[in-house]
Amino acid sequence: MAIQTMNPATNEVVKTFKPHTAKEVTQKIEAADKGFREWRKTSFADRAKLMHKCADILDNEAEKYGRIITLEMGKPLKDGIAEVKKCAIACRYYAENANDFLKDELVETKAEKSLIAYEPLGVILAVMPWNFPFWQVFRFLAPALMAGNTGLLKHASNVPQCALAIEEIIRKAGFPEDVFYTLLIGSKEVDAVIAHPAVKAVTLTGSEAAGAHVAATAGKEIKKTVLELGGSDPFIVLDDADLELASENAVKSRMVNTGQSCIAAKRFIVVESIADTFLEKMKAKMAALKTGDPLKDDCDYGPMARPDLAEELEEQVKKSVKKGAEVVLDGGREGKDSAYFKPMILKNVKPGMPAYDEELFGPVAAFIVAKDEQEAIRIANDSRFGLAGSVWTKDHTRGLKVARQVESGAVFVNAMVASSPEMPFGGIKKSGYGRELSYIGIREFVNQKSIWVNASPTNKQGD
């Protein structure tokens, strides 16, 4: 794919970028490595001052950067602005908490003093996707820089202006130039970056295939990876749920970012006794959504990020229908070359269909009826993915009990799944491993060093 901005609302190529050469990439890697030697010596207080400035820029210029997001990947402007402001929240969270998260931890042993120290690793490579082109970068970047690491960003090739804007923000905030660089390269060049001795670890948010490849490449180099991959999140509606609340959130969760979110609800697993009523409510609410020009109109959803992505989703729907799925809410692509895709609901979704087995990364909901609570849990877990999910019931105790049985990195009871700085984020099974955000996320890319101290060498300890 060319490194270019193509407005998905118009299919207009706005700007094309010349990729960095191998020599330029090597220079940036080496500069980030050199920068790490000094950056790691800075105090948490000094890092926090710069991170707060970064947050201020994100807040004060949210509309400017939100417009770039909308231009490059199509989400409504109000959502792009909200994404930028969410990045400011993450920056402030780590500016205020990194010192506590990474302070020495004293441990009782036979030594006169023993502790766990949390020390930065060095240059961290981030391979990031286009769907939340600011948020997914900053949830890596804020903790990485606050921990004393330096960063490299290989962003998706269709959001180069977002990638360069993030580099601009870091510079404007006053960070040293060599603590962060954007690499304008294609996916084929990533292996060479991972192999460079100065790069110590890799974090990737993306597809299952991309994650498997990066993990294998990093594994050959004995380098740590954190992977946040796809999801086919279950939205479980039990027989005692508030159906109005649940159906409203079902539509919001399926349609967030025009359905292009790893943690968007994708499989709606509803207990049989209330299935018909819930489906009618969900269908009516989804059919009422409006689209338009995401830069101009107050639309509910915009185009998908690229026409080829809409085409792939269309093929998944066609294959599912051919295998017996029934279209309840008809929608789909507006034209052969269009990135716009109207919402759809499929029912009678069974194993063996793409709508059941695969991730539908767009505005198509798979509706599945379960006999009872236990079958709903079984269906929820009948997936190779395990990123997140939600449970809807008026009985909070029951909801917690069900949540504990769902195989995923996160489960929300009576709330739409969302990421926030305070809670760890990541999946299990084919949804990846490792965690972002929270104190757990900042500790992923540090050396958790054990230090044992005796006043004199006469004391003895066992192996």
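Above this text sits the structure in question.
The residue count restarts for each chain, going from 1 along the sequence in the order it is written. Reporting in this predicted model follows two pLDDT cut-offs: at least 70 for local features of residues, and 80 or more for side-chain atom pairs to be given and counted; totals over whole chains, interfaces and linings ignore these cut-offs and use all residues. Hydrogens and water are ignored here; the side-chain numbers use all heavy atoms of the structure.

S.K.: Describe the packing of helix α2 (residues 44–60) against helix α6 (residues 160–172), listing the residues and the values that go with them.
M.R.: Working convention: axes come from line fits to C-alpha atoms, limited for helices to the stretch in contact. Angles between N-to-C directions cover 0 to 180 degrees. Per the convention used, a helix needs a DSSP run of H or I reaching at least four residues, while a strand needs a run of E reaching at least two, with both numbered from the N terminus. Running from amino to carboxyl end, α2 crosses α6 at an angle of 125 degrees, the nearest separation of the two axes being 8 Å. Classified by the interaxial angle, the pair formed by α2 and α6 is oblique. In this structure, α2 crosses over α6, and the sense of that crossing is right-handed. Contacts between α2 and α6 involve Cys54, Ile57 and Leu58 on the former and, on the latter, Ile169, Ile170 and Lys172. The residue makeup of the contact of α2 with α6, split by class, is five nonpolar, no polar and one charged. Here roughly perpendicular refers to angles of 65 to 115 degrees, roughly parallel to angles under 35, roughly antiparallel to angles over 145, and oblique to all remaining angles. Less than a right angle of anticlockwise turn of the near helix away from the far helix marks a crossing as left-handed, whereas a clockwise turn marks it as right-handed. Here, residues are in contact when the closest pair of their heavy atoms is within 4.5 Å. For this classification, Asp, Glu, Lys and Arg are treated as charged, while Ala, Val, Leu, Ile, Met, Phe, Trp, Tyr, Cys and Pro are nonpolar and the rest, including Gly, are polar.

S.K.: An account of the pairing of strand β9 (residues 224–228) is requested, with residue identities and associated values reported.
M.R.: Burial within β9 is extensive, with four of its five residues counted as buried. The pairing of strand β8 (residues 199–205) with β9 spans five bridges and is classified as parallel. Following the sheet pairing, Ala201 is matched in β9 by Lys224. A crossover gets the label right-handed when its path from the first strand over the helix to the second runs clockwise, viewed with the strands pointing away from the viewer. Handedness of the crossover is the feature at issue here: the chain leaves β8, passes through helix α8 (residues 208–220), returns alongside β9, and the resulting connection is right-handed. In this scheme, strands are said to pair when DSSP sees at least two bridges between them. Here β9 pairs with strand β21 (residues 432–433) via two bridges, running antiparallel. The residue bridging Leu227 from the neighbouring strand is Tyr433, located in β21. Residue burial is assigned from relative accessible area. The probe radius is 1.4 Å, only protein chains are included, and a residue is buried under 20% of its type maximum, exposed over 50%, and partly exposed in between.

S.K.: Tell me about empty space enclosed by the protein, and name the residues and values.
M.R.: Put simply, the grid is 1 Å and covers the protein atoms alone, a cavity is a trapped set of points that fit a 1.4 Å probe, a pocket is an open set with protein on both sides within 12 Å along at least five of seven lines, and lining residues have an atom within 4 Å of a point. Grid points are joined across faces, edges and corners, and a volume is the space filled by probe spheres set on the points. Summed over the entire model, instances satisfying the criterion amount to four cavities of 30 Å³ or more. Its boundaries defined by the atoms lining it, the largest cavity holds a volume of some 110 Å³. Looking at the largest cavity, it is lined by 15 residues, and the ones nearest its centre are Arg139, Phe140, Pro143, Gly441 and Phe445. The set of elements that each furnish at least two residues to the lining of the largest cavity consists of α5 (135–146) and α15 (438–442). A per-element tally of the lining of the largest cavity places α5 first, with four residues.

S.K.: Can you explain the sheet that holds strand β19 (residues 410–413)? Please cite residues and give values.
M.R.: In spatial order, the strands read β12-β15-β16-β11-β10-β18-β19; together these seven strands make up an open sheet with mixed pairing. Across the chains shown, the open sheet's two edge strands, defined by having one partner strand only, are β12 (326–329) and β19. Across this sheet, the average inter-strand angle for adjacent strands is 25 degrees, counted without regard to direction. For strand β18 (residues 388–392) and β19, the ladder comprises four bridges, and the chain directions are parallel. Bridged to Gly389 within β19 is Val411. Sitting on the sheet, helix α10 (residues 272–287) touches β10 (233–237), β11 (265–271), β12, β15 (344–347) and β16 (364–370), and the angle it makes with β11 is about 145 degrees. The sheet contacts of helix α13 (residues 373–381) involve β10, β11 and β16, and relative to β11 the element is tilted by about 160 degrees.

S.K.: Lay out α6 with the relevant residues and their values.
M.R.: By definition here, a helix of n residues has an expected span of 1.5 Å times n minus one. Over its 13 residues, α6 extends 18 Å from the first C-alpha to the last, a length consistent with the 18 Å expected when each residue adds 1.5 Å. The complete set of buried residues in α6 reads Pro160, Cys162, Ala163, Ala165, Ile166, Glu167, Ile169 and Ile170. Tucked into the core, α6 has its buried residues touching β1 (4–7), α2, α3 (62–73), α5, β6 (150–154) and β7 (180–182). Two residues or fewer after α6 comes Gly174, characterised by a positive phi angle close to 100 degrees.

S.K.: Explain the layout of surface pockets residue by residue, including any values.
M.R.: There is about 1100 Å³ of room inside the largest pocket. Considering the residues around the largest pocket, the lining is formed by 38 residues, among which Trp130, Gly206, Ser207, Ala210 and Arg306 are closest to the centre. Looking at the lining of the largest pocket, the elements that each hand over two or more residues are α7 (190–195), β8, α8 and α11 (307–322). Its residues assigned to classes, the lining of the largest pocket comprises 17 nonpolar, twelve polar and nine charged. Looking at the second largest pocket, it is lined by 22 residues, and the ones nearest its centre are Lys86, Phe132, Val256, Ala418 and Ser419. With four residues, the single largest contributor to the lining of the second largest pocket is helix α4 (residues 77–101). For the lining of the second largest pocket, a count of residues per class yields ten nonpolar, six polar and six charged.

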